[in-house]
Amino acid sequence: MCMFVSRVLRGVQSFIMSSKYNVVFVLGGPGAGKGTQCAKIVEEYGYLHLSAGDLLREERDEAGSEYGELIEGHIKNGTIVPVEITCSLLERAMKKSEKDNFLIDGFPRNQNNLEGWNKEMGEKVNLKFVLFFECPLDVCTQRCLDRGAAGSGRSDDNIESLKKRFETYMNATMPIIDHYDAINLVRTVNATGTPEEIFEEVKKLFS
Ligand code: UDP
Ligand code: MG
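Everything quoted here is computed from the prediction, not taken from an experiment.

Caption draft 1: Up close: the side chain of Ser161. Within the secondary structure, Ser161 is located in helix α8 (residues 159-182). Residue classification places Ser161 among the buried residues on the basis of a relative accessible area of 4%. Of note is the side chain of Ser161, whose polar atom sits 2.8 Å from the backbone oxygen of Lys76. With near-sequence residues (within four places) excluded, Ser161 lies in contact with Lys76, Ser155 and Asp156.

Caption draft 2: How the structure looks around the site of ligand 1. Residues in close proximity to ligand 1 total 21 residues, the closest being Lys34, Arg57, Thr79, Val81 and Arg165. Between ligand 1 and the protein, one listed contact pairs an oxygen atom with a side-chain N or O atom of Arg109 at 3.1 Å. Take Arg154: an N or O atom from its side chain is 3.0 Å from an oxygen atom of ligand 1. Coverage of ligand 1 by the protein chains reaches 97% of its 520 Å² of free accessible surface. In a pocket analysis with a 2 Å cut-off to the grid points, ligand 1 is assigned to the largest pocket. Secondary-structure elements contributing two or more residues to the shell around ligand 1 are α3 (52-61) and α4 (68-77). Considering each element in turn, the shell around ligand 1 owes the most residues, four residues, to α3. The class makeup of the residues in the shell around ligand 1 is seven nonpolar, seven polar and seven charged.

Caption draft 3: How the structure looks around the sheet that holds strand β5 (residues 186-190). Read across the sheet, five strands follow the order β2-β3-β1-β4-β5 without closing on themselves; strand pairing throughout is parallel. Each having just a single partner strand, β2 (48-51) and β5 make up the two edges of the open sheet. Strand-to-strand twist across the sheet, computed as the mean angle between neighbouring axes with direction ignored, equals 25°. Summarising the sheet, strand β1 (residues 21-28) and strand β3 (residues 101-105) pair through five bridges and their orientation is parallel. Bridge pairing in β3 places Phe25 opposite Ile104.

Caption draft 4: Representation of the pairing of β1 in the model. Most of β1 sits inside the fold, with eight of its eight residues counted as buried. With burial as the criterion, each face of β1 is covered, one bearing Tyr21, Val23, Phe25 and Leu27 and the other bearing Asn22, Val24, Val26 and Gly28. Sheet topology note: the β1/strand β4 (residues 125-134) ladder contains eight bridges and is parallel. By the bridge assignment for β4, Val26 is matched with Leu131.

Definitions and limits used
- Residues numbered from 1 in each chain as written.
- Chains lettered and ligands numbered in written order.
- Predicted model: local features only at pLDDT ≥ 70, side-chain atom pairs only at ≥ 80, totals over all residues.
- Heavy atoms only, no water.
- Helix = DSSP H or I, 4+ residues; strand = E, 2+ residues; numbered from the N terminus.
- Buried < 20%, exposed > 50% of the residue type's maximum accessible area, 1.4 Å probe, protein only.
- Polar contact = N/O pair within 3.5 Å; in protein donor to acceptor, adjacent residues only side chain to side chain.
- Contact = heavy atoms within 4.5 Å.
- Near = heavy atom within 4 Å.
- Areas by Shrake-Rupley, 256 points an atom, 1.4 Å probe, with all protein chains shown as cover.
- 1 Å grid on protein atoms, 1.4 Å probe; cavity = no way out; pocket = protein on both sides within 12 Å on 5 of 7 lines; lining within 4 Å.
- Sits in = over half its atoms within 2 Å of the grid points.
- Nonpolar A, V, L, I, M, F, W, Y, C, P; charged D, E, K, R; others polar.
- Pairing = 2+ DSSP bridges.
- Axes fitted to C-alpha atoms, helices over the stretch in contact; angles between N-to-C directions.

Printed below as a string of structure tokens:
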């Protein structure tokens, strides 16, 4: 009887675990290569890539979005959109995909993001780890300026916005990375090389 009960309980537990979303958060400064590496991970390991920044830009461009101006203000200014907006865009995309494994790129970026996510998604998600692309400021800056010059079309790939994005990154996002590091969830990759070199390091974490 006791064995039976514990087997049923194990079954229920594994059902609950398997019905959770598996998530890897991808963090690093502006231009650290999050988007580039995520595309490679998708190709090789079949995750679904959700970029919080891309979702916000899509929402901004949606005709009649009530958040368009607010989002653009934050993007230009390098500040962080309130978590209710970002988190609901992420959850909607996750549900719509009908997939289980997600790379969430560029989120959570501050304490408000972290708390809002934990409250709304904490129970629905199995956080596997945080993939952290470590890259010096001068390398990141040059990449974003090159990207802007090559026609990224982004309203924040200019030197004024970049300064603010770095400030937010250092003051608001680094503490989030430190928080996950303190609970042993951070996997750090040196992100100064070529995309191919960096991906060799990334692969070691996924296989
Ligand atoms: N952003 C935000 N919350 C997020 C992700 C992005 O508010 O969770 C905003 C923020 O203003 C940021 C901008 O979108 O500076 C661009 O983010 P993205 O991740 O695309 O660019 P990155 O700076 O990482 O290259
Ligand atoms: Mg990006």
